[in-house]
Amino acid sequence: MARRMESAAVHEYVSWTEERLATSRLPGVLVRLNLPHGGHLPHHLAGRVATHQVGLWTSSIHRPRGRFRYANQRDYHEMKQATFVPAEIDWVAEVEESGPLKPAIFCDFENDYIHETTGIDPHHCTEQLMACENGDVSQQALRLLADELRAPGFSHAVKVDSLCRLILVELARQLDGVGPNVVGGVKGKLAAWQLRRIRDLVETVEGRPLTVCRLAEECGISASHLRRLFRATMGTSVSTYVEGIRLERAKAMLADRTLPLKGIAHRLGFANASAFSAAFRREAGTSPNKYRQQIIA
C-alpha cells in the first residue's frame, strides 16, 4: 500500500510502506531508522518528497539492488548502499533484489537547515545536488547516527545535530562534481559551477541591471557571502567584474553602427543613454560615440 501525502506546497508520495524503528527530530531535520514492511521492497518504486533525504542501508549485503533515475533524466544509475535524493524531484526505481533487508538510516533535511549549515540555498543548485553521492565520511556519520538512535545516550540532541551537520558539509563539498574542496565557503572560495553561473548571467542578461543579490541567489548563497568569496576567488569585487564584462559587451555592440546608444544602454541594463555614457567613459576613458568613431574609422 503506497503512502501518499499532499500539501499546497508540494505533492509528496512514496510507493512503499515502512516500519519506523526509531526517530530523532530536531529543528530542520528528522533522523529515522526504518525497515520496509516485511523486509522487502516492491520491484517498481517511485517517489517525491518535500525534504532532502540522505540515507544509508546499514548492511552492505542485506540491501536493495537495482537501478534508479530521476524523472527528468533518461539514464538509469545503479542503486547503492548510500543514497541521496533532493527535495521535490520525482524519481523511479527498478528493484532486482530486495530482501530480506536490514534497516536503513535516513536524514530528512529541510532547506533552511541546509542553508544555515552550509550557506547554500538548495533551490538554486538542484542539478548539482542530483549528481551528489555520500562519501566515506558521510557514511560513517550515518552509521553513528544509526547507533545513536538504537541506543540514545548523553547529549543525544547535540550528537545527532553534529553528525547531521557533518553530513551536510561533506555533501556541500561535492557540489561542483570536482572534488572535496569545491563549494563556496568550505575553503573560502566559490565553486566552479558558481563561477560559470555568474559569468553566464553577466554575459547574457539584457534589459535590466544585474545585482549582487540576484547573482547570490543563483549561487545559492547570501549576498555578503558572495562578495567575500568572489574576492577571495577572483581577486576583485563582484561589481568590478560585472562592470568589466559589461564594458566588453558594450564595445562589441558599439562596433555595430546600426545599434543606437539608447538601445545598447537598455540591453546592458542602464536606465538611459546618459547613464550608459557616464559608465562607459568611467571605464574606457572616452565616450561611446568617440570609441565607435575610432573603431569604425
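Below: a short report on this structure. Here the structure is a predicted model, which means the values were calculated and not measured.

### Re the overall build of the protein
Here is step 1: From N to C terminus, the protein includes 11 helices and 11 strands.
Here is step 2: Counting only residues that meet the buried cut, the protein has 46% of its 297 residues in that class.
Here is step 3: Within the protein, counting contacts between residues at least 6 apart in sequence, those at least 24 apart form 64% of the total.
Here is step 4: For the protein, the accessible surface area stands at approximately 15400 Å², while carbon and sulfur atoms represent 51% of it.

### Details of the nonpolar core
Here is step 1: Core analysis: the largest hydrophobic core is formed by 32 residues, its most contacted members being Val31, Ile105, Cys107, Phe109, Leu145 and Cys164.
Here is step 2: Those elements that provide at least two residues to this core are strand 3 (18–26), strand 4 (29–36), strand 6 (52–57), strand 9 (82–85), strand 11 (104–109), helix 1 (111–118), helix 3 (136–150) and helix 4 (156–172).
Here is step 3: Looking at this core, the element that brings in the most residues is helix 4, giving 7 residues.
Here is step 4: Leave out the neighbours within four places in its chain, and valine 31 touches Ala22, Thr23, Ser24, Ile105, Phe106, Cys107, Leu145, Leu149, Val160 and Cys164.
Here is step 5: If you look at the next biggest cluster of nonpolar residues, it comprises 19 residues, including Ala216, Cys219, Ile221 and Ala223.

### Some points on the pattern of salt bridges
Here is step 1: By the definition in use, this model includes 13 salt bridges.
Here is step 2: Two residues, arginine 48 and aspartate 90, come together in a salt bridge whose shortest N-O distance is 3.1 Å. On the criterion of sequence distance, the pair formed by arginine 48 in strand 5 (residues 44–48) and aspartate 90 in the loop between strand 9 and strand 10 (91–97) is long-range, its members being 42 residues apart.
Here is step 3: Residues participating in the shared-partner salt-bridge network are Glu18, Arg20, Arg32 and Asp108.

### Some points on the sheet that holds strand 11
Here is step 1: Read across the sheet, 5 strands follow the order 3-4-11-6-9 without closing on themselves; strand pairing throughout is antiparallel. In this open sheet, the two edge strands, each paired with only one partner strand, are strand 3 and strand 9. For this sheet, the mean angle separating the axes of adjacent strands, direction not counted, is 15°.
Here is step 2: Two strands pair when backbone bridges link them, and strand 6 and strand 11 are joined in this way by 6 bridges, in the antiparallel orientation. Bridge pairing in strand 11 places tryptophan 57 opposite alanine 104.

### What about the packing of aromatic side chains?
The relative placement of two aromatic rings is captured by the distance of their centres and the angle of their planes.
Here is step 1: As enumerated under the stated definition, the model contains 6 aromatic pairs in all.
Here is step 2: Look at phenylalanine 270 and phenylalanine 276: their rings are 5.5 Å apart centre to centre, the planes differ by 55°, and that puts the pair in the tilted class. Each member of the pair, phenylalanine 270 together with phenylalanine 276, is buried.
Here is step 3: Across the ring face of tyrosine 76, the terminal group of arginine 67 is positioned such that the distance to the ring centre comes to 3.9 Å.
Here is step 4: In this structure, arginine 246 packs its charged tip against the face of phenylalanine 270, placed 3.9 Å from the ring centre.

### What about empty space enclosed by the protein?
Here is step 1: All told, the structure shown has 2 cavities of 30 Å³ or more when counted by the stated rule.
Here is step 2: Put simply, the second largest cavity is a space of about 70 Å³.
Here is step 3: Lining the second largest cavity are Glu243, Arg246, Leu247, Ala250, Phe270, Phe276, Ala279, Phe280 and Glu283.
Here is step 4: Those elements that place two or more of their residues in the lining of the second largest cavity are helix 8 (238–254) and helix 10 (273–284).

### Here's the deal with the packing of helix 8 against helix 10
Here is step 1: Across the interface, helix 8 lies against helix 10 with an axial gap of 10 Å and an inter-helix angle of 105°. Comparing their axes, helix 10 and helix 8 come out roughly perpendicular. The residues of helix 10 that touch helix 8, namely those facing Glu243, Leu247, Ala250, Lys251 and Leu254, are Phe276, Phe280, Glu283 and Ala284.

### With respect to the packing of helix 3 against helix 4
Packed helix pairs are characterised by how far apart their axes lie and by the angle those axes make with each other.
Here is step 1: Helix 4 packs onto helix 3 with a crossing angle of 160° between their chain directions and a minimal axis gap of 9 Å. When the interaxial angle is binned, helix 3 and helix 4 end up roughly antiparallel. At the point where helix 3 passes helix 4, the crossing takes the left-handed sense. Taking contact as the criterion, the partners of Val137, Ser138, Ala141, Leu142, Leu144, Leu145, Glu148 and Leu149 in helix 3 are, on helix 4, His156, Lys159, Val160, Leu163, Cys164, Leu166, Ile167 and Glu170.
Here is step 2: Partitioned by chemical class, the residues of the contact of helix 3 with helix 4 number 11 nonpolar, 2 polar and 3 charged.

### Considerations on the environment of aspartate 256
Here is step 1: Residue position: aspartate 256 is located in the loop between helix 8 and helix 9 (261–267).
Here is step 2: Separated by 36 residues in sequence, aspartate 256 and arginine 292 place their C-alpha atoms 8.6 Å apart.

About the cut-offs
Residues numbered from 1 in each chain as written. Predicted model: local features only at pLDDT ≥ 70, side-chain atom pairs only at ≥ 80, totals over all residues. Heavy atoms only, no water. Helix = DSSP H or I, 4+ residues; strand = E, 2+ residues; numbered from the N terminus. Buried < 20%, exposed > 50% of the residue type's maximum accessible area, 1.4 Å probe, protein only. Contact = heavy atoms within 4.5 Å. Areas by Shrake-Rupley, 256 points an atom, 1.4 Å probe, with all protein chains shown as cover. Core = buried A, V, L, I, M, F, W, Y, C linked by side-chain atoms within 4.5 Å. Salt bridge = Lys/Arg side-chain N within 4 Å of Asp/Glu carboxyl O. Pairing = 2+ DSSP bridges. Axes fitted to C-alpha atoms, helices over the stretch in contact; angles between N-to-C directions. Phe/Tyr/Trp six-rings, centres within 6.5 Å; stacked < 30°, edge-to-face > 60°. Lys NZ or Arg CZ within 6 Å of the ring centre and 35° of its normal. 1 Å grid on protein atoms, 1.4 Å probe; cavity = no way out; pocket = protein on both sides within 12 Å on 5 of 7 lines; lining within 4 Å. Points joined across faces, edges and corners; volume = space filled by probe spheres on them. Parallel < 35°, antiparallel > 145°, perpendicular 65-115°, else oblique. Left-handed = near helix turned anticlockwise from the far one by under 90°. Nonpolar A, V, L, I, M, F, W, Y, C, P; charged D, E, K, R; others polar.

Note that every value here comes from positions in space, so none of it alone points to a role or purpose.
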